[in-house]
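# An overview of the molecular structure
Now for the letters of each chain:
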Amino acid sequence: MAKKKLVETASAETKSKKKTRKSGQPCRVGVVGSGSFATAIVKMLLENCKLVHWCVRNEYVKGAIEQRGHNPTYLTSVSFNLRHLKLTTDINELVSSCDVVVLATPSIYLEETLAGMTTEVSGKIFVSAIKGIVPKANDVVAHYLRDEFKIGFRHQAVIAGPCHAEEVGMERLSYLTIATVEESVSEMLRELFASDFIKVNASTDILGNEYSAILKNVYAIGAGIASGLGYGDNFTAVLVSNAIREMEFFLGAVYQTPRDVNESAYLGDLLVTAYSLFSRNRSLGNLIGKGYTVKSAIQSMNMVAEGYYAAGSIYRTAREKGIKTPIIDAIYAILYEEKNAEKQFRKLTAKLT
């Protein structure tokens, strides 16, 4: 009996703590996007916020969530209390209602998503959870927001991992790195995202974190190709260790600032994306390594593999900057020049150490 009372007391305390966090969070926050990571972010925020605004892609998704209490396509096991959600398909409605806007759409849809944004954005914080290149702008999200909407870096933040949406859905301990210029913004976002299963690290390296999140997706495609071709763990370890050095050279060339690429936002995110079966970029590469054409591999997936769309831009940037990137070169040749994957990796093995 005493043990039962102890369990009940602990459970009540836990519920009380969660309730206190929700009722004590005044910040108005919204999420744009309805994919797996957007859904995971909504779940994270609901640990601390009494209400989360959520702009989803279309009326079907909105209606399905309102009717079923979960995303109809992604992370369907995650249930939401609809009293704590404000759903919309109108980007202006969400932005005008929020102080913090988290962008979590695939990069290829960002321009379309923000095309109709006409509401005032000054003073608002825009947080990018996007790990890809904006296609028409051929640039990272941080630059796109600055150039297109005059949102300066002081009003921006970048979310990096390692943090797979699927594990967030299962409330497995995960880590975020949030890169910001302003310390006050960093602290506010930490309070929004941190919970029992989400630990938050701070960084000031906005561009470095954004580029590394893009690069690790490209490298993960390479790890998947290697797996599909039949290479084992020994080679993959060498591939990834060379990739982090290549990433360090690339980041230093595009944005010089003190950073340690062995930190979790860089190396940790690369490792989980290259090795995890949850990784859509690794899955795409695996299909290509097994003999699928690039087009058929992309079509067979129900989620966007950001690394494919980023690889072209990253390759061109490396050429412009004069950076030696043998891994990126090999992946680009396979994805965009229709070169044979087996031959490209045989050549690559001679360049790795």
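Look above for the structure.
Residues numbered from 1 in each chain as written. Predicted model: local features only at pLDDT ≥ 70, side-chain atom pairs only at ≥ 80, totals over all residues. Heavy atoms only, no water.

### Regarding the overall build of the protein
When helices and strands are tallied, the protein shows 16 helices and eight strands. Compactness check: the protein gives a C-alpha radius of gyration of 21 Å against a globular reference of 20 Å for 353 residues, within 12% of the reference. Its C-alpha atoms give the protein principal-axis dimensions of about 65 × 55 × 40 Å. When burial is assessed residue by residue, the protein has 54% of its 353 residues classed as buried. The contacts of the protein with a sequence gap of at least 6 include a subset with a gap of at least 24, amounting to 71%. Taken as a whole, the protein presents about 16200 Å² of accessible surface, with 49% of it coming from carbon and sulfur. On the protein, the mean spot of the 42 positive side-chain charges and the mean spot of the 36 negative ones are 5 Å from each other. (Helix = DSSP H or I, 4+ residues; strand = E, 2+ residues; numbered from the N terminus. Rg over C-alpha atoms; globule rule 2.2 N^0.38 Å. Buried < 20%, exposed > 50% of the residue type's maximum accessible area, 1.4 Å probe, protein only. Contact = heavy atoms within 4.5 Å. Areas by Shrake-Rupley, 256 points an atom, 1.4 Å probe, with all protein chains shown as cover. Lys, Arg positive; Asp, Glu negative; His and termini not counted. Charge placed at Lys NZ, Arg CZ, Asp CG, Glu CD.)

### So, unusual backbone geometry
Cis geometry is adopted by the peptide bond preceding Pro-162, which originates at Gly-161 and carries an omega value of 5 degrees. Relative to the assigned elements, Pro-162 resides in the loop between β6 (156-160) and α7 (165-169). A positive phi angle, near 45 degrees, is found at Leu-75, a position not held by glycine. Its location among the elements puts Leu-75 in the loop between α3 (59-68) and β3 (85-88). Unusually for a residue other than glycine, Glu-171 sits at a positive phi of about 60 degrees. Structurally, Glu-171 can be placed in the loop between α7 and β7 (174-180).

### Quick word on the pattern of salt bridges
In the structure shown here, the tally under the stated rule is twelve salt bridges. Between Asp-99 and Arg-28 there is a salt bridge, and its shortest N-O distance comes to 3.3 Å. Of this pair, Asp-99 sits in the loop between α4 (91-97) and β4 (100-103) while Arg-28 sits in the loop between α1 (2-24) and β1 (29-32), and the two are 71 residues apart along the sequence. A salt bridge links Arg-259 to Asp-205, with the shortest nitrogen-to-oxygen separation between them at 2.7 Å. Here the residue Arg-259 occupies a position in the loop between α10 (233-254) and α11 (264-275), and Asp-205 occupies one in the loop between β8 (198-203) and α9 (206-229), the gap between them amounting to 54 residues. For Asp-205, a relative accessible area of 5% puts it in the buried group. (Salt bridge = Lys/Arg side-chain N within 4 Å of Asp/Glu carboxyl O.)

### Notes on helix α14 (residues 306-321)
When the terminal C-alpha atoms of α14 are compared, their 22 Å separation across 16 residues agrees well with the 22 Å that a helix rising 1.5 Å per residue should span. Where α14 bends most, the angle comes to about 30 degrees, and this point is Gly-312. Of the residues making up α14, those classed as buried are Glu-306, Gly-307, Tyr-308, Ala-310, Ala-311, Gly-312, Ser-313, Ile-314, Tyr-315, Thr-317 and Ala-318. Looking at the buried side of α14, the elements it contacts are α9, α10, α12 (280-289), α13 (294-299) and α15 (326-336). Downstream of α14 by one or two residues, Gly-322 has phi in the positive range, about 70 degrees. (Expected span 1.5 Å × (residues − 1). Bend = angle between axes of the 7 residues up to and from the residue.)

### Here we look at the sheet that holds β3
Here we have eight strands laid out as an open sheet, ordered β3-β2-β1-β4-β5-β6-β7-β8, and mixed in their pairing. With partners counted over all chains shown, the strands left at the sheet margins are β3 and β8, one partner each. The sheet shows a mean angle of 25 degrees between the axes of neighbouring strands, direction not considered. Bridge analysis of strand β5 (residues 125-128) against β6 gives three bridges, and the strand direction is parallel. Counted as the bridge partner of Ser-128 is Val-158 from β6. (Pairing = 2+ DSSP bridges. Axes fitted to C-alpha atoms, helices over the stretch in contact; angles between N-to-C directions.)

### Details of the side chain of Thr-39
With respect to the element layout, Thr-39 can be found in helix α2 (residues 36-46). On the basis of relative accessibility, which here comes to 0%, the residue Thr-39 falls in the buried class. Leave out the neighbours within four places in its chain, and Thr-39 touches Ser-34, Trp-54, Asn-71, Tyr-74, Leu-75 and Phe-80.

### Quick word on the packing of α9 against α15
In contact at an axis separation of 10 Å, α9 and α15 are set at 70 degrees when each is read in the N-to-C sense. By the angle class used here, α9 and α15 are roughly perpendicular. Touching Leu-215, Val-218, Tyr-219, Ile-221, Gly-222 and Ile-225 of α9 are Ile-327, Ile-328, Ile-331, Ile-334 and Leu-335, all from α15. (Parallel < 35°, antiparallel > 145°, perpendicular 65-115°, else oblique.)

### A word on helix α6 (residues 141-149)
Restricting attention to buried positions, one finds in α6 the residues Val-141, Ala-142, His-143, Tyr-144, Leu-145 and Phe-149. Residues of α6 that are buried sit in contact with β4, α5 (110-114), β5, β6 and α9.

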